[in-house]
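Letter by letter, the chains look like this.
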Amino acid sequence: MEPLLPVALLLLPLLLVPLALLARRRRGRRTPPLRLLVVAGSGGHTTEILRLLSCLSESYSPRHYIFADSDKMSEAKIRSFEQKRAETFSNSQFTLDRIPRSREVRQSWTSSVVTTLYSLLYSLPLTYKLKPDLILCNGPGTCVPVCISALLLGLLGIKRAIIVYVESICRVETLSLSGKILYYFSDYFIVQWPDLKEKYPKSVYLGRIV
């Protein structure tokens, strides 16, 4: 594993934007902690997202994790990560929530629409309850209904959340299905390979960050 300091130096300027925006709105007052919603996923998605989180300060608290109800591994990884984090930040706070998986591997497009809508029905009230300031995700299908829910809350004037999408390191030449969808809706879309930057000019290329 590469040292995490370069990762922090590259990624933190983008993630600190929400804090700067909040500070501008509250001049003369202490900037409150930033509510962070993290979408985890099976396979390597959770491992990658936790590496990114290890670079963040205690200002990103509480951290709300959402993952699919069929995901058997993410909860253990998250709890282990938060237990170690609590050794450094005594006031560390986090929550865990599950929603129906929006799309299984090799699931047909037609049925995926139905399951994604079903997942959205669970995501919308949950996102409303959590009201995150910032959403951080990196490609699991679960992030699509969560981000759509956040966009709907913003359109309704209830809560505006900033969406930061980090495409997985394994995506070298093409985006994941989640990336292809959220490329148009995320506030910051980060890729880790130059070929993707050429194909998707809105994206931000930072090199390898996980």
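Anything mentioned here points back to the structure above.
Residues numbered from 1 in each chain as written. Predicted model: local features only at pLDDT ≥ 70, side-chain atom pairs only at ≥ 80, totals over all residues. Heavy atoms only, no water.

Visitor: Summarise the sheet that holds strand β7 (residues 204-205); cite the residues concerned and give the values.
Guide: One open sheet accounts for seven strands, arranged β3-β2-β1-β4-β5-β6-β7; its pairing is parallel. At either margin of the open sheet sits one strand with a lone partner, and together these are β3 (94-99) and β7. Taken together, the three bridges between strand β5 (residues 162-166) and strand β6 (residues 188-191) define a ladder with parallel strand orientation. Of the residues in β6, the one forming a bridge with Y165 is F189. (Pairing = 2+ DSSP bridges. Helix = DSSP H or I, 4+ residues; strand = E, 2+ residues; numbered from the N terminus.)

Visitor: Residues and numbers for the nonpolar core, please.
Guide: By size, the foremost hydrophobic cluster in this structure holds 23 residues, and its most contacted members are L37, I66, I135, C137, C143 and L175. Elements that contribute at least two residues to this core include exactly β1 (34-39), α5 (109-130), β4 (134-137), α6 (143-155), β5 and β6. The greatest single-element share of this core, amounting to five residues, is contributed by α6. Residues in contact with L175, not counting those within four places in the same chain, are E167, K180, Y183, F189, V191, L196 and Y200. Ranked by size, the runner-up nonpolar core spans 22 residues in total, among them L50, Y60, Y65 and I209. (Core = buried A, V, L, I, M, F, W, Y, C linked by side-chain atoms within 4.5 Å. Buried < 20%, exposed > 50% of the residue type's maximum accessible area, 1.4 Å probe, protein only. Contact = heavy atoms within 4.5 Å.)

Visitor: Can you explain the packing of aromatic side chains? Please cite residues and give values.
Guide: Taken as a whole and judged by the stated rule, the model has six aromatic pairs. Ring centres of Y183 and Y184 lie 5.2 Å apart, and the angle between their planes is 85°; this geometry places the pair in the edge-to-face category. Judged by its relative accessible area of 9%, Y183 falls in the buried class. Look at Y183 and Y200: their rings are 5.2 Å apart centre to centre, the planes differ by 70°, and that puts the pair in the edge-to-face class. Remark: Y200 occurs in the loop between α8 (194-199) and β7 and Y183 occurs in the loop between α7 (177-182) and β6; sequence separation between them is 17 residues. Note that K131 overlies the ring of Y128, its terminal NZ or CZ placed 3.6 Å from the centroid. The ring of Y183 carries the charged tip of K202 above its face, separated from the ring centre by 5.5 Å. (Phe/Tyr/Trp six-rings, centres within 6.5 Å; stacked < 30°, edge-to-face > 60°. Lys NZ or Arg CZ within 6 Å of the ring centre and 35° of its normal.)

Visitor: Kindly report on unusual backbone geometry, identifying the contributing residues and their values.
Guide: Residue P62 is bonded to the preceding S61 through a cis peptide linkage, with omega at 0°. Here P62 shows up in strand β2 (residues 60-68). Here the phi dihedral of K131 falls at roughly 45°; this positive angle occurs in a residue that is not glycine. The topology assignment puts K131 in the loop between α5 and β4.

Visitor: Describe a nonpolar patch on the surface, listing the residues and the values that go with them.
Guide: Residues L177, I181, Y184 and F185 make up a contiguous nonpolar surface patch of roughly 390 Å² in combined accessible area. Owing to a relative accessible area of 61%, Y184 belongs among the exposed residues under this scheme. (Patch = residues over 30% accessible without salt bridge, like charges linked within 9 Å, V, L, I, M, F, W, Y side chains within 5 Å. Areas by Shrake-Rupley, 256 points an atom, 1.4 Å probe, with all protein chains shown as cover. Salt bridge = Lys/Arg side-chain N within 4 Å of Asp/Glu carboxyl O.)

Visitor: Give me the state of the cysteines: which residues, what numbers.
Guide: Here the structure, examined in full by the defined rule, presents zero disulfides. Considering cysteine sulfurs only, C137 is the nearest to C143, which forms no disulfide, with 4.3 Å between them. Judged by its relative accessible area of 0%, C143 is buried. Unpaired in this structure, C147 has its nearest cysteine sulfur neighbour in C137, at a distance of 3.9 Å. Note on C147: relative accessible area 0%, which makes it buried. (Disulfide = S-S within 2.5 Å.)

Visitor: Describe helix α4 (residues 74-86), and please don't skip the residues or the numbers.
Guide: Between the first and last C-alpha of α4 there are 18 Å, a value that for 13 residues agrees with the 18 Å anticipated at 1.5 Å per step. Residues S74, I78, F81, E82 and R85 constitute the buried set of α4. Buried positions in α4, seen along its axis, are confined to an arc of 95° and lie on one side of it. Among the exposed residues of α4, those pointing more than 90 degrees away from its buried face are A76, Q83 and K84. In the core, the buried residues of α4 are packed alongside α3 (45-53), β2 and β3. (Expected span 1.5 Å × (residues − 1). Arc of directions from axis to C-beta.)

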